[in-house]
Amino acid sequence: MPIDDPVALRLSGERLAAVYRIQAADEAAALARARDICLEQTVEFPAALIPNAAIRDQIVGAVDALAAVGAGAWDATIRYPVEAAGGELTQLVNLLFGNVALQPGVRLMDFHLPKAMLTDIRGPRFGIGGLRRLLAVHDRPLLCTALKPMGLSPQALAGLAYELALGGIDLIKDDHGLADQPFCPFHERVPRCAEAVQRANRETGRHAVYLPNVTAPAHLVQSRAFAARDAGAGGLLFCPGLAGLDTMRMLTDDDGLGLPVLSHPAFIGGLAVSPTAGLSHAVLYGRLNRLAGADAAIFPHHGGRFSYAEAECRDIVAGCTDAIGALAPIFPVPAGGMQLARVPELRAYYGRDCILLIGGDLHAGDEGLVARARRFVTLASEDG
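Treat the numbers as computed from the prediction; the structure is a model and nothing was measured. (Residues numbered from 1 in each chain as written. Predicted model: local features only at pLDDT ≥ 70, side-chain atom pairs only at ≥ 80, totals over all residues. Heavy atoms only, no water.)

## Some words on the sheet that holds strand β6 (residues 171-174)
Part 1 of the reasoning: Strand order in the open sheet formed by four strands is β7-β6-β5-β13, with parallel pairing between adjacent strands. Each of the sheet's edge strands pairs with one partner strand only, and the pair in question is β7 (209-211) and β13 (355-357). Neighbour to neighbour, the strand axes of the sheet diverge by 25° on average, direction disregarded.
Part 2 of the reasoning: For β6 and β7, the ladder comprises three bridges, and the chain directions are parallel. Within β7, the position partnered with L171 by the bridge is V209.
Part 3 of the reasoning: On the sheet, helix α5 (residues 127-135) packs against β5 (142-147), β6, β7 and β13 and is oriented at approximately 80° with respect to β5.
Part 4 of the reasoning: Along the sheet, helix α14 (residues 369-381) contacts β5 and β13; its crossing angle with β5, the most-contacted strand, is approximately 150°. (Pairing = 2+ DSSP bridges. Helix = DSSP H or I, 4+ residues; strand = E, 2+ residues; numbered from the N terminus. Axes fitted to C-alpha atoms, helices over the stretch in contact; angles between N-to-C directions. Contact = heavy atoms within 4.5 Å.)

Right, here's the structure in full:
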């Protein structure tokens, strides 16, 4: 029997929209799956047992559109009440792709938030424009590398950081596998590497920054971030797949910290591998990182040691740069086994507004690390 709630629902009527790609035999089956998603992502309750009309009309998602996009595939646009997200990034992600992530044949392709929601989301503190101003580089792609390999001492990594900054690399980050290992403790590595980059800046007049990895157990993330700032780090590396999107959001929102954040995709790649499940590349690498405040997002460029296609890389660029209210666009960071020989191709493919990340290949050859870094700068500066 119907239940009368003493506190009547009076929602705003404003809704966000999510687009799901559904695998189904025909339109009727696709519509049935879309309606199931409407329930699963909100009330998680049988439609016939919903206790009153207010919940059914105001809380449950509504199918707004359904379009065929290929053999056995349909894009369903579902609208959810903004209040269901609760003003929290964690619940917004849960609303968009919580339980339905457990179902085969459903992929979140995109989502659109109304202005009322976006006004409460800070997003990237720096973004493309802010990072360019910070680094004083305006006429070419930014250049990034990682301190590696794991196993080197803090002193050895600091020596690499100095040479890389001397050679003109803009962003020198910890490899994402560097944490607080006994052979390279965080509180020894970070001050040494930060000082090394600052010393190179004094010699060159450039503005390179060191970004230590502050991905850590939850109770240590904030303290490591502030320790990095106090040691002179110019930015932070963070892996939201390991420690949480909202943890990254906490760092980027903190005015007392005020550092740019580079997002690393460790652990999340499987969410985009299947074309019939998980998240689209634009959502995973672009939109979610922007909502969580990252200023740049690393992803595997096609033709490297990972299997991403050109179209998927273009989707990532769109997710990083397409308009989302007033949120700043962020740098796409193609990576994953990139080599100096491919820089002209990367430059032509992504244009200037990207960060090119090359790791191991900077250490190849006999010319030395400083010379290889300088060649990286030269190649990235040429329009080809």
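So much for the structure itself; the text now carries on.
## Topic: the environment of G368
Part 1 of the reasoning: Along the chain, G368 falls in the loop between β13 and α14.
Part 2 of the reasoning: With a relative accessible area of 31%, G368 lands in the partly exposed category.
Part 3 of the reasoning: Along the backbone, G368 and I330 are 38 residues apart, and their C-alpha atoms lie at a distance of 32 Å. (Buried < 20%, exposed > 50% of the residue type's maximum accessible area, 1.4 Å probe, protein only.)

## Digging into the pairing of β5
Part 1 of the reasoning: Of all six residues that make up β5, six are buried, and the element is covered over most of its length.
Part 2 of the reasoning: With three bridges connecting them, β5 and β13 associate as parallel partners. The residue bridging L142 from the neighbouring strand is I355, located in β13.
Part 3 of the reasoning: With four bridges joining them, β5 and β6 adopt parallel strand pairing. The partner of L147 across the bridge, within β6, is D174.
Part 4 of the reasoning: What joins β5 to β6 is helix α6 (residues 154-166), and the crossover it makes is right-handed. (Right-handed = clockwise from strand over helix to strand, strands pointing away.)

## Description of the packing of aromatic side chains
Part 1 of the reasoning: Following the criterion strictly, the structure yields four aromatic pairs and no others.
Part 2 of the reasoning: Relative to Y350, the ring of F299 lies with its centre 6.1 Å away and its plane at 65°, an arrangement referred to as edge-to-face. Separated by 51 residues along the polypeptide, F299 in strand β11 (residues 296-300) and Y350 in helix α13 (residues 343-350) bring together distant segments of the chain. Each member of the pair, F299 as well as Y350, is classed as buried.
Part 3 of the reasoning: Ring-pair connections join several aromatic residues into one group, and the members of that group are Y285, F299, Y308, Y349 and Y350. (Phe/Tyr/Trp six-rings, centres within 6.5 Å; stacked < 30°, edge-to-face > 60°.)

## Some thoughts on unusual backbone geometry
Part 1 of the reasoning: Cis rather than trans, the peptide bond between K148 and P149 has omega equal to 10°.
Part 2 of the reasoning: Although it is not a glycine, E44 adopts a positive phi angle of roughly 50°.
Part 3 of the reasoning: Topologically, E44 is positioned in the loop between α1 (27-40) and α2 (53-58).
Part 4 of the reasoning: Residue classification places E44 among the exposed positions, given a relative accessible area of 52%.

## Focus: the pattern of salt bridges
Part 1 of the reasoning: Here the structure, examined in full by the defined rule, presents 19 salt bridges.
Part 2 of the reasoning: The structure contains a network of salt bridges with shared partners spanning D361, E367, R372 and R375. (Salt bridge = Lys/Arg side-chain N within 4 Å of Asp/Glu carboxyl O.)

## Quick word on the packing of helix α7 (residues 186-204) against helix α8 (residues 218-230)
Part 1 of the reasoning: Closest axis-to-axis distance for the α7/α8 pair is 9 Å, and the angle between their directions is 30°. Judged on the interaxial angle alone, α8 and α7 are roughly parallel. Judged by the sense of rotation from one axis to the other, the crossing of α7 with α8 is right-handed. Of α8, the residues touching α7 (which contributes F186, H187 and V190) are R224, A227 and A228.
Part 2 of the reasoning: Counted by class, the contact of α7 with α8 contains four nonpolar, one polar and one charged residues. (Parallel < 35°, antiparallel > 145°, perpendicular 65-115°, else oblique. Left-handed = near helix turned anticlockwise from the far one by under 90°. Nonpolar A, V, L, I, M, F, W, Y, C, P; charged D, E, K, R; others polar.)

## Things to note about the sheet that holds strand β4 (residues 106-112)
Part 1 of the reasoning: Read from one edge to the other, the open sheet built from five strands follows the order β2-β3-β1-β4-β10, with strand pairing classed as mixed. Of all the strands in the sheet, just β2 (62-70) and β10 (278-279) have a single pairing partner and so form its edges.
Part 2 of the reasoning: One ladder, built from nine bridges, connects strand β1 (residues 15-23) with strand β3 (residues 73-81); its direction is antiparallel. Across the sheet, the residue bridging to A18 is I78, located in β3.
Part 3 of the reasoning: The strands touched by helix α3 (residues 89-97) within the sheet are β1, β3, β4 and β10, with β1 carrying the most contacts at an inclination of about 40°.

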